[in-house]
Amino acid sequence: MKPKEKQPGWMVVLSTETRHLWLGRQGPLLLLIFSIFLSLYTTLVALDPEMNVLSPRSMTNVTLQTTMLVGILVALLLTANSISGERDQRSLESLMLTPLPRGQIAIGKFLATLSLWLGMIPIAIPYIVLVAKSTGMIPQAIMLLIFLGSLLVMLCAGIGILISSFAPSNLVSFAASFITILLLAAPNQLPASVRDLPVVNWFIVFDPITAIAKYQAGILDGAAWTQELGLLISPILLLILIAALGPRILNRRLSLQGGFEQ
Amino acid sequence: MNLKILTKVILMIALMALVSLTPVTVSAQTSTADGSVTVTIDRDSVALIAGDWVTFHTVISNAGENATPPLVANFNVASIHPGPHVDPEDWSPLRTQYIDTIQPGESVELAWDVHTLFEGDFAVYVTIVSQEKSFGPVGSPTLHIHAEPDNVLPLNEVIPVVAIVPLFPLALLLITSRSKRKQRPAK
């Protein structure tokens, strides 16, 4: 009889964290809050005369952005708490005493967080279909939610977990994670005249979050999927960088106290 | 004697009234007084759905004998009926365009993008002014925009979705709570 293969370390952490997230009611509760938020948002948009006369494409874009923003915030909330939370509760020591490489602990926690986003997608789809119905772009909107939303959530979760690994406390981790994401997303709020400046335009292309927003707006404006594919280079590169270097750095530098010292 | 004085007073008053009522003539002549600079617009009306964008073009021509000073073209929009508050800043990403001197017989075409934010009837026009005080403002003909309302989200379609979807995560929450309660050892 063939002996049972040993599970990789990250898989053990993933199954433990996923069980804790979903059976510990945290996941379903966050999904309920997410759906109530989307219901309130959609009702308010339907009742607001100024919002309800936006072009269907603009409204689809705004709704997709809002849905992804909530996904990012929830992912950030969980990942920013993942390591520094253990550190605050003094349970990180026992986790670090396990024979698992420290990078694999982070990978397991990262993937468990993504399971929540996988639960958020089917909840968001009816709202997106409702808003995108009059555009005739329902498949495109759903694809954007799945692919760009997942890319954004993975990026932000990766940033959150890296910050959480080095933050000395949960408070620092939350503050640093949210400020980082706010700074990366801020150029989206600049007036059109400023965004058209060449320097700002280049920054928007290199900033992974604004580049994704720009690509999404282009698709909803009728651009082909391949037309502005260059905009996805910076987010994909950053994600590869986080995935390739993150676990290695954490293997060597994740410590009980936090900080960057080995 | 008294009559003479009275006649003089009446004459003086009449003279003063005449002087005060005579319109004061402006000595500065505007370069547009002869109609040498004209603005035309490529359409006079457009009907669309609120939220849509419309692009129109204006042509500024100099039919005079002298070159114009550098010009400033300014876009404006107003609601024809009282009620809606129209903020032109929100209706056009580029409200002002600057033009160099236009030589005699030449013209310059400008494109304008307008975003109709809500339903109603609106008058859109472009005014040409200059840094030179002698240049009087020149207005374009009006483009009339009629915007029909377009409710992307009718409430009767919204209510079923917003009411039903949260029931799924609620059911999931109840199921997980129940299974967790079952797992606890009975006291």
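Residues numbered from 1 in each chain as written. Chains lettered and ligands numbered in written order. Predicted model: local features only at pLDDT ≥ 70, side-chain atom pairs only at ≥ 80, totals over all residues.

(A) A look at the overall build of chain B. Each helix and strand counted, chain B has four helices and nine strands in total. What you see in chain B, going N to C, is helices and strands ordered as α-β-β-β-β-α-β-β-β-β-β-α-α. Counting only residues that meet the buried cut, chain B has 18% of its 187 residues in that class. By sequence separation, contacts in chain B at least 24 residues apart represent 73% of the contacts at least 6 residues apart. (Helix = DSSP H or I, 4+ residues; strand = E, 2+ residues; numbered from the N terminus. Buried ≥ 20, exposed ≤ 12 C-beta atoms within 10 Å, placed from the backbone. Contact = placed C-beta atoms within 7 Å.)

(B) Region of interest: the overall build of chain A. Looking only at helices and strands, chain A has twelve helices and zero strands in total. Ordered by position in the sequence, the α and β elements of chain A form the string α-α-α-α-α-α-α-α-α-α-α-α. Relative to its full complement of 262 residues, chain A shows a buried share of 40%. For chain A, restricting intrachain contacts to residue pairs at least 6 apart in sequence, the fraction spanning at least 24 positions comes to 76%.

(C) Structural view of the packing of helix 6 (residues 102-132) of chain A against helix 12 (residues 233-253) of chain A. All names here are of chain A. Two elements in contact, helix 6 and helix 12, have axes whose closest approach is 6 Å; the angle formed by their N-to-C orientations is 130°. By the angle between their axes, helix 6 is oblique relative to helix 12. Here helix 6 contributes R102, G103, Q104, A106 and I107 to the contact with helix 12, which in turn contributes G246, P247, R248, L250 and N251. Of the residues belonging to the contact of helix 6 with helix 12, the class tally is four nonpolar, four polar and two charged. (Axes fitted to C-alpha atoms, helices over the stretch in contact; angles between N-to-C directions. Parallel < 35°, antiparallel > 145°, perpendicular 65-115°, else oblique. Nonpolar A, V, L, I, M, F, W, Y, C, P; charged D, E, K, R; others polar.)

(D) Representation of the environment of S169(A). Residue and element names in this part refer to chain A. Inspection of the secondary structure puts S169 in the loop between helix 7 (138-166) and helix 8 (170-185). Once the C-alpha coordinates of S169 and Q257 are considered, the two residues, 88 residues apart in sequence, prove to be 8.5 Å apart. Among residues more than four places away in sequence, those in contact with S169 are S84 and D88.

(E) Up close: the nonpolar core. Residues and elements named next belong to chain A. The biggest cluster of nonpolar side chains holds 67 residues, and the ones touching the most others in it are I72, A75, I128, V131, L152, V153 and C156. Secondary-structure elements contributing two or more residues to this core are helix 1 (9-23), helix 2 (26-47), helix 3 (56-82), helix 6, helix 7, helix 8, helix 11 (208-220) and helix 12. With 15 residues, the single largest contributor to this core is helix 7. (Core = buried A, V, L, I, M, F, W, Y, C linked by C-beta atoms within 7 Å.)

(F) Geometry of the environment of I121(A). Residue and element names in this part refer to chain A. Turning to its location among the elements, I121 is positioned in helix 6. Classification of I121 by C-beta neighbours within 10 Å gives partly exposed; the count is 17. Separated by 53 residues in the primary sequence, I121 and M68 place their C-alpha atoms 9.6 Å from one another. Once residues lying within four places of it in the same chain are set aside, the contact partners of I121 are L145 and I146.

(G) Spatial organisation of the sheet that holds strand 3 (residues 53-62) of chain B. Residues and elements named next belong to chain B. The antiparallel open sheet is built from three strands, whose spatial order is 1-3-6. Here the strands that pair on one side only, and so sit at the sheet edges, are strand 1 (37-41) and strand 6 (107-115). Pairs of neighbouring strands in the sheet enclose a mean axial angle of 25°, with direction left out of account. Of the strand pairs in this sheet, strand 3 and strand 6 are connected by nine bridges, and their pairing is antiparallel. (Pairing = 2+ DSSP bridges.)

(H) Highlighting unusual backbone geometry. Residues and elements named next belong to chain A. One non-glycine residue, R25, lies in the positive phi region at around 70°. Along the polypeptide, R25 turns up in the loop between helix 1 and helix 2. Of note, the phi angle at R90 is positive, near 60°, even though the residue is not glycine. Along the polypeptide, R90 turns up in the loop between helix 4 (84-88) and helix 5 (92-97). Given 9 C-beta atoms within a 10 Å radius, R90 is considered exposed.

(I) Geometry of the interface of chain B and chain A. Taken together, the contact pairs 27 residues of chain B with 31 residues of chain A. Residues that form the side of chain B that touches chain A fall into these classes: 18 nonpolar, four polar and five charged.

(J) Region of the structure containing the packing of helix 2 of chain A against helix 4 (residues 167-183) of chain B. Viewed as axis vectors pointing N to C, helix 2 of chain A and helix 4 of chain B meet at an angle of 160°, and their least axial separation amounts to 8 Å. Considering their axes alone, helix 2 of chain A and helix 4 of chain B lie roughly antiparallel with respect to each other. Where helix 2 of chain A crosses over helix 4 of chain B, the two elements pack in a sense that is left-handed. Mapping the contact onto sequence places P28(A), L29(A), L31(A), L32(A) and S35(A) in helix 2 of chain A and P169(B), L170(B), L172(B), L173(B) and T176(B) in helix 4 of chain B. Classifying every residue of the contact of helix 2 of chain A with helix 4 of chain B gives eight nonpolar, two polar and no charged. (Left-handed = near helix turned anticlockwise from the far one by under 90°.)

(K) Looking closely at the pairing of strand 4 (residues 71-79) of chain B. All names here are of chain B. Strand direction decides the pairing type here: strand 4 and strand 5 (residues 96-99), joined by four bridges, are antiparallel. Its bridge partner lying in strand 5, L71 is registered against I99. The pairing of strand 4 with strand 7 (residues 120-130) spans nine bridges and is antiparallel. Note on strand 7: the bridge partner recorded for L71 is S130.

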